[in-house]
Amino acid sequence: MQVKIADSWKNILQSEFDKTYFEELTNFVKSEYVNHKCYPKVEDIFAAFNFCSFHDLKVVIIGQDPYHGPNQANGLCFSVKEGIKHPPSLINIFKEMSSDLNIDYPKSGSLEKWAKQGVLLLNATLTVRAHEAGSHQKKGWETFTDEIIKQISKEKGNIVFLLWGGFAKKKAKLVDEKKHHILQSGHPSPLSANRGYWFGNQHFSKANTYLKSIDKDIIVW
């Protein structure tokens, strides 16, 4: 599994790459990609780190699993490739964003624009077998991404963590809340959103209000 990792993350990630669990994870992922259709493309597995520099990091959004349908996953949580129909959770994210910030609903479902401004769009599991949600969970990815969250908490300050839904909220324990700003809400999936746990959370404006308060550039969502 030949992957290219942005230089700014290498010191953070390399110590994990050298561990036994990651070697086992790599072997599993290589086998899966050889024997099954998997997403995202190999070159996009670490896209979250390649689009968002560690030095410029301002916001972390945590997802669970890549999209498992064709041409959807692009290595950024909740994001889809240019021109792809918006999945239900992304529709609700954009609806809340549009309402919160009084802006138009976006045409593109790609969130690369966010990532390039310092938003780490991190799935807990970075790969998946086609049409089999959760198929690469509990193979080592969660150990890896939990360590990333811990290292961000340790090495950085004043990062906004957007934790959407029960799974993401469990990651709050990995973050030093004295150093960082944590916002939590229900998940944007229709099941959660339609029960009133998502809409109205105003996380986009709240994140920017916090960034302004510490003299950082806001995110152009």
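Everything quoted here is computed from the prediction, not taken from an experiment. (Residues numbered from 1 in each chain as written. Predicted model: local features only at pLDDT ≥ 70, side-chain atom pairs only at ≥ 80, totals over all residues. Heavy atoms only, no water.)

A.B. asks: An account of the packing of aromatic side chains is requested, with residue identities and associated values reported.
C.D. replies: By the definition in use, this model includes 20 aromatic pairs. Each ring, one from Trp9 and one from Phe54, has its centre 5.0 Å from the other, and the planes form 70°; the classification is edge-to-face. Residue Trp9 is located in helix H1 (residues 7–17), and its partner Phe54 is located in the loop between helix H3 (47–51) and strand S2 (59–63); the two are separated by 45 residues in the primary sequence. Classification of Trp9 as buried rests on a relative accessible area of 0%. Phe54 gets classed as buried once you look at its relative accessible area, which sits at 10%. Relative to Phe144, the ring of Phe46 has its centre 6.0 Å away and its plane inclined at 85°; by these criteria the two rings are edge-to-face. Of this pair, Phe46 sits in the loop between strand S1 (38–39) and H3 while Phe144 sits in helix H6 (residues 141–155), and the two are 98 residues apart along the sequence. Here Phe46 matches Phe144 in class, with each residue buried. Aromatic ring contacts, followed pair by pair, group Trp9, Phe17, Tyr21, Phe22, Phe46, Phe49, Phe54, Trp141 and Phe144 into a single cluster. (Phe/Tyr/Trp six-rings, centres within 6.5 Å; stacked < 30°, edge-to-face > 60°. Helix = DSSP H or I, 4+ residues; strand = E, 2+ residues; numbered from the N terminus. Buried < 20%, exposed > 50% of the residue type's maximum accessible area, 1.4 Å probe, protein only.)

A.B. asks: Explain the nonpolar core to me, using residue names and the numbers behind them.
C.D. replies: Proteins that are soluble and globular tend to have nonpolar side chains buried together. Membership of the largest hydrophobic core comes to 70 residues, with the highest contact counts inside it found for Trp9, Ile61, Trp114 and Trp221. For this core, the leading source of residues is helix H2 (residues 20–35), giving six residues. For Trp114, the residues in contact, after removing those within four places along its chain, are Ile61, Ile93, Phe94, Met97, Val119, Leu121, Phe204, Val220 and Trp221. (Core = buried A, V, L, I, M, F, W, Y, C linked by side-chain atoms within 4.5 Å. Contact = heavy atoms within 4.5 Å.)

A.B. asks: Tell me about the side chain of Ser135, and name the residues and values.
C.D. replies: Looking at the secondary structure, you find Ser135 in the loop between strand S4 (128–129) and H6. For Ser135, a relative accessible area of 19% corresponds to the buried category. Reaching out from Ser135, the side chain makes a polar contact with the backbone oxygen of Glu132 at a distance of 2.7 Å. Contacts of Ser135, omitting those with residues within four sequence positions, involve Phe28, Val128 and Arg129. (Polar contact = N/O pair within 3.5 Å; in protein donor to acceptor, adjacent residues only side chain to side chain.)

A.B. asks: So what's going on with the packing of H1 against H6? Which residues, and what values?
C.D. replies: Orientation of H1 relative to H6, taken along the N-to-C sense of each, is 140°, at an axis distance of 10 Å. Taken together, the axes of H1 and H6 lie oblique to each other. Between H1 and H6 the crossing geometry is right-handed. When H1 is examined against H6, the residues Trp9, Ile12, Leu13, Glu16 and Phe17 are found in contact with a partner set consisting of Phe144, Glu147, Ile148, Gln151, Ile152 and Glu155. For the contact of H1 with H6, the residue count by class is seven nonpolar, one polar and three charged. (Axes fitted to C-alpha atoms, helices over the stretch in contact; angles between N-to-C directions. Parallel < 35°, antiparallel > 145°, perpendicular 65-115°, else oblique. Left-handed = near helix turned anticlockwise from the far one by under 90°. Nonpolar A, V, L, I, M, F, W, Y, C, P; charged D, E, K, R; others polar.)

A.B. asks: Quick rundown of the sheet that holds strand S3 (residues 119–123)? Include the residues and the values.
C.D. replies: Read from one edge to the other, the open sheet built from four strands follows the order S3-S2-S5-S6, with strand pairing classed as parallel. Two strands bound the open sheet, and with one partner strand each, they are S3 and strand S6 (181–185). Strand after strand, the sheet turns through a mean of 20° between neighbouring axes, direction not considered. In terms of strand pairing, S2 meets S3 through five bridges, oriented parallel. Its bridge partner being in S3, Val60 is matched across the sheet by Leu120. (Pairing = 2+ DSSP bridges.)

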